[in-house]
Every structure is written in C-alpha cells, then in structure tokens.
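Listed here are the chains, written in short residue letters.
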Amino acid sequence: MLPRRFNLHRPRSLSEVFGLLDQYGDDASVYAGGTELLIALKARVLHYPHLIDLKALSELAAIEEYDGDVVIGALASHHRIATHPLVRGVVPAYADLSDGIANIRVRCAGTLGGNLCFAEPHADPPAMLAALGARVRLHSKEGQRDCAVADFILGDFETARQPGEVMTAILIPKPAPELKAAYRCYGAGERPAAGAAVAILPDAAGNVAAAQFWIGAVSGQPAALTATMAAAGGKPLGELAEACLAVAADEIAAIAASDDSHGSADYKRHLALTMLERALAAALGGEARAERMRA
Ligand SMILES: Cc1cc2nc3c(=O)[nH]c(=O)nc-3n(C[C@H](O)[C@H](O)[C@H](O)COP(=O)(O)OP(=O)(O)OC[C@H]3O[C@@H](n4cnc5c(N)ncnc54)[C@H](O)[C@@H]3O)c2cc1C
C-alpha cells in the first residue's frame, strides 16, 4: 500500500524545525532514516499531512567526545556508530551491539535517535545504553534537557519526549578503561526477542566495585535487575556468576511481559536469563565481539 498524501519539508536548521512543529502541531512528524515511520505510513497505521525530514541537519550526525561523554548525534546511523573509531575504541560493547542490529540496509539508514524515539519494544540499544548510564538530549524552542535512557522509554511505542521536542544526541559517559561490558540477544527474526546487557566495574583487588544488569525487549521498558546488582557488590569476579544468576532468575521471572509474535512471555523470560548468563561470560571473558544469534 502507498502512504496517504503528505507534504515534505526539508528544514536546514533546528529553529526551522521548531517553527514547522509549531505551525503544524499534531499534523506534523519529524523523521530521520524513515525505516520505521515509512513502514507505518505505508501500512496506514499512521498518517501525518506534514513530514519533516531531519537529514539536512548534518551536525546532528556527529560523533565526538565532549566533557567526559561520548556524544552520538541522534542522526548517526547504526552502521556509522558500529564503525566509528571513537565508539569502537571507548565503548566497544556498544559498537558491537550496533553492528548486530537488523541487516546492513537498515543499519545504514536507521538512526539511533529514530530507534529510541520510536520505542519499538523489540530493540537492542535501550538495555545496553541504560547499563552504560547513557542519557538522551532533547531540544525544543524552549531550550534543552537531558533524560536518562532508562527514564526516556516509558513502554511500547511510548517515550518521555514532549510535543515540539527533537532528540539531538545520545550521551554515553566515557567508561573507565577497565569496565567489562557486553550485550547478548536472541531473535528468530531480525529484531531481538530478548536481550541482556552487563557492565561490571572491578576494583584494584579484582572485586566488583559497581555492576549493572539490564534486560531488554522482554517488556516495554528496559528492566533493571536491582537485586542482582546488589548481590554482585564486592564479589570477586570469578565468583560473580555463582553469586548472581540465581537472584537474576527470580528477578527475571517477575518481569511483566506479554505473549507476542516473538514468543510467549515465559519463553522470552527464559531467553533473557540465558542471554544474561552469556553476556556475563562475554564481559568477564573479554570477548572482543558479540555474535548475534539467529534461529
Ligand atoms: C527490518 C527491520 C529490522 C530491524 N531490526 C532491528 C534490530 O535487530 N534491533 C533494533 O534495535 N532495531 C531494529 N530495527 C529498528 C531500527 O533500529 C529502526 O528502524 C531505526 O533505528 C529507526 O531509525 P530511523 O532514523 O529510520 O527512524 P524513523 O523511521 O525516521 O523515525 C522513527 C520514529 O522516531 C521519530 N524520530 C526519528 N528521529 C527523531 C529525532 N531525532 N527526534 C525526535 N523524533 C525522532 C520519528 O518521528 C518516528 O516516529 C529494525 C527495523 C527494521 C525495518
């Protein structure tokens, strides 16, 4: 099916974008790569009489280090993130994750900002970004604000983005070089049915100084395994799996999930625990690259 008719706007500056959003209100939507929005328009699930193409705002595709953060422009594609020397060098676990998203066509056109703003529940980035303490930057004509990724995704296709706001960047605090992080996911199709992200900071004695364990794609929001994080505190790295996985099993069993086309709620929870076990082993073993598992 073809989308219903729309007017296309190609602004050259953010202030032009804000002007258009002001002028057309709910009748307008911004878009970047269009990999999600165009599918919804073609299926006629969504319709906007005015589409605002952000691609001319090339400054929003920059990737740079600034003030202790790796700053990824919202318009940076997954492929560019996966292959960027700064991301690969400083946050290799996130570069690996980007490299496993979808297929090369979607990775080249789809942006990280579009992924987060669409909030499709079967997505890879949110859990790993939450584990890394990342935040998103939103601009509107009133100014700018930052929001933790964990607070930005509110549920299936629902975010904390307000009308008139445009996501301009994703900021990942530059991790300590000794951070051990990894993401593992499984999906029978191109999107993950379940994913798990782990980030462990060891102290000088080889015990856990801080740990983050997050589950993605099983429910509408990335799920923090807070009891598992607490159980990990102070443990020697070699005893971490033993100390954490039983606690994690109980926490994952309590994640609110529903049956969908990716599997039953129980199946996705089961996968999540297996992915957590693998992510933990990968992080501690220091494997360089993730292999995305497919059926
Ligand atoms: C076949 C296929 C397989 C996929 N597999 C995976 C996968 O394995 N893992 C995964 O994580 N994802 C997967 N995806 C999702 C993919 O990551 C997203 O489609 C892509 O990142 C969306 O980016 P985009 O720029 O194309 O968004 P668009 O389609 O341009 O926009 C999506 C939504 O975000 C809004 N938006 C976009 N940019 C901004 C901005 N800067 N500020 C405010 N709002 C904005 C738009 O208004 C729209 O509502 C898959 C998608 C497809 C089609």
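Each residue is numbered by its place in its chain's sequence as written, counting from 1. A pLDDT threshold of at least 70 governs which residues receive local features in this predicted model, and a stricter bar of 80 or more applies before side-chain atom pairs are shown or counted, although totals over entire chains, interfaces and linings include all residues. Here the side-chain values reflect all heavy atoms present in the structure, with hydrogen atoms and water set aside.

Draft legend 1. Up close: the overall build of the chain. Within the chain, the secondary structure is distributed over 12 helices and 15 strands. Against the 2.2 N^0.38 benchmark of 19 Å for 295 residues, the chain shows a C-alpha radius of gyration of 19 Å, consistent with a compact globule. Principal-axis analysis of the C-alpha atoms places the extent of the chain at approximately 60 × 45 × 30 Å. Per-residue accessibility, obtained with a 1.4 Å probe over protein chains only, is compared with the maximum for each type, and a residue is labelled buried under 20%, exposed over 50%, and partly exposed between these values. A burial count over the chain gives 49% of its 295 residues as buried. Whether two residues are in contact is decided by their heavy atoms, any of which lying within 4.5 Å being enough. Summarising the internal contacts of the chain: among those between residues at least 6 apart in sequence, 61% fall at separations of at least 24. By the criteria applied, helices consist of DSSP H or I runs no shorter than four residues and strands consist of E runs no shorter than two, each listed in order from the N terminus. Here the radius of gyration uses the C-alpha set of atoms, whereas the globule reference equals 2.2 Å times the residue count to the power 0.38.

Draft legend 2. View of the sheet that holds strand 3 (residues 50–53). Note on pairing: two strands pair once DSSP finds at least 2 bridges between them. Overall, parallel pairing links the three strands, which are arranged 1-3-2 in an open sheet. Where the open sheet ends on each side, the last strands, each with one partner, are strand 1 (7–9) and strand 2 (28–31). Ignoring strand direction, the axes of neighbouring strands in this sheet form an average angle of 25°. Under this scheme, a helix contributes an axis fitted over its contacting stretch, all axes are lines through C-alpha atoms, and angles between N-to-C directions fall in the 0 to 180 degree range. Those strands touched by helix 1 (residues 14–24) are strand 1, strand 2 and strand 3, and its axis lies near 170° from that of strand 3.

Draft legend 3. Summary view of the packing of aromatic side chains. Any Phe, Tyr or Trp ring, taking Trp's six-membered ring, that has another such ring centre within 6.5 Å forms a pair; planes under 30 degrees apart are called stacked, those over 60 apart edge-to-face, and the others tilted. Tallying each qualifying case throughout the model produces one aromatic pair. Look at Phe-118 and Phe-157: their rings are 5.4 Å apart centre to centre, the planes differ by 80°, and that puts the pair in the edge-to-face class. Here Phe-118 is found in helix 7 (residues 112–118), whereas its partner Phe-157 is found in the loop between strand 8 (153–155) and strand 9 (158–159), with 39 residues between them in sequence. Judged by relative accessible area, Phe-118 falls into the partly exposed class, the value being 21%. You can call Phe-157 partly exposed: its relative accessible area is 48%.

Draft legend 4. Focus on the side chain of His-9. Mapped onto the elements of the fold, His-9 is located in strand 1. The class of His-9 is buried, set by a relative accessible area of 15%. Two N or O atoms form a polar contact when they lie within 3.5 Å of each other; inside protein one atom must be a possible hydrogen donor and the other a possible acceptor, and for residues adjacent in sequence the pair counts only when both atoms belong to side chains. There is a polar contact of 2.9 Å between the side chain of His-9 and the side chain of His-50. Apart from residues no more than four positions distant in its own chain, His-9 is found in contact with Leu-20, Tyr-24, His-50, Leu-51, Ile-52 and Asp-53.

Draft legend 5. Focus on the pattern of salt bridges. Counted as salt bridges are all cases of a side-chain nitrogen of Lys or Arg within 4 Å of a carboxyl oxygen of Asp or Glu. Going through the model one piece at a time under the given rule, you end up with 13 salt bridges. Here Asp-96 and Arg-88 are joined by a salt bridge, their closest N and O atoms 3.0 Å apart. In this structure, Arg-135 engages Asp-146 in a salt bridge whose closest nitrogen and oxygen atoms are separated by 3.2 Å. Note that Arg-135 is positioned in strand 6 (residues 135–140) and Asp-146 in strand 7 (residues 143–148), a separation of 11 residues in sequence. A single salt-bridge network, built from bridges that share partners, covers Asp-69, Arg-135, Arg-137 and Asp-146.

Draft legend 6. Spotlight on the site of the ligand. Residue proximity to a molecule or strand is established when one non-hydrogen atom of the residue lies within 4 Å of it. In the vicinity of the ligand there are 32 residues, among which Val-30, Thr-35, Thr-111, Asp-124 and Glu-190 approach most closely. One nitrogen or oxygen atom from the main chain of Gly-33 is found 2.7 Å from an oxygen atom belonging to the ligand. Considering the ligand on its own, with 970 Å² of exposed area, one finds that the protein chains cover 94% of that surface. Here the shell around the ligand gets four residues from one element, more than from any other, and that element is helix 7. For the shell around the ligand, a count of residues per class yields 17 nonpolar, nine polar and six charged. For every accessible area listed, the method is Shrake-Rupley and the probe measures 1.4 Å; residues are considered covered only by the protein chains on display. In this classification, the charged set is Asp, Glu, Lys and Arg, the nonpolar set is Ala, Val, Leu, Ile, Met, Phe, Trp, Tyr, Cys and Pro, and all remaining amino acids, among them Gly, are polar.

Draft legend 7. The arrangement of the pairing of strand 12 (residues 194–202) in detail. Within strand 12, eight of the nine residues are buried, which leaves the element mostly enclosed by the surrounding structure. Bridge analysis of strand 11 (residues 180–187) against strand 12 gives seven bridges, and the strand direction is antiparallel. The partner of Tyr-186 across the bridge, within strand 12, is Ala-194. In this structure, the hairpin formed by strand 11 and strand 12 is closed by a connection of six residues.

Draft legend 8. Here's a closer look at the sheet that holds strand 6. With antiparallel pairing, the five strands of this open sheet are ordered in space as 4-5-10-6-7. Edge positions in the sheet fall to strand 4 (63–66) and strand 7, since each has one partner strand and no second. Between one strand axis and the next, the sheet turns by 25° as a mean value, whatever way the strands run. As judged from the six bridges shared by strand 6 and strand 7, these two strands associate in the antiparallel manner. Across the sheet, the residue bridging to Leu-138 is Arg-145, located in strand 7.

Draft legend 9. Representation of the domain arrangement of the chain. The domain boundaries here were taken from an automatic or database domain assignment. With domains assigned, the chain is organised as domain 1 (7–53), domain 2 (58–173) and domain 3 (180–284). Once you take the C-alpha centre of each, domain 1 and domain 2 turn out to be 19 Å apart. Taken together, the 10 residues of domain 1 in the interface contact 13 residues of domain 2. Looking at the side of domain 1 facing domain 2, the largest losses of area belong to Leu-14, Phe-18 and Glu-36, adding up to 45% of the total buried there. Taken together, domain 1 and domain 2 are joined by one salt bridge. A salt bridge links Asp-22 to Lys-141, with the nearest nitrogen and oxygen atoms 3.0 Å apart. At the junction of domain 1 and domain 2, the tally comes to one residue pair in polar contact (both at pLDDT 80 or more). Here the side of domain 1 that touches domain 2 gets five residues from one element, more than from any other, and that element is helix 1. In short, buried area is how much 1.4 Å probe accessible area vanishes from two parts on joining, totalled over both.

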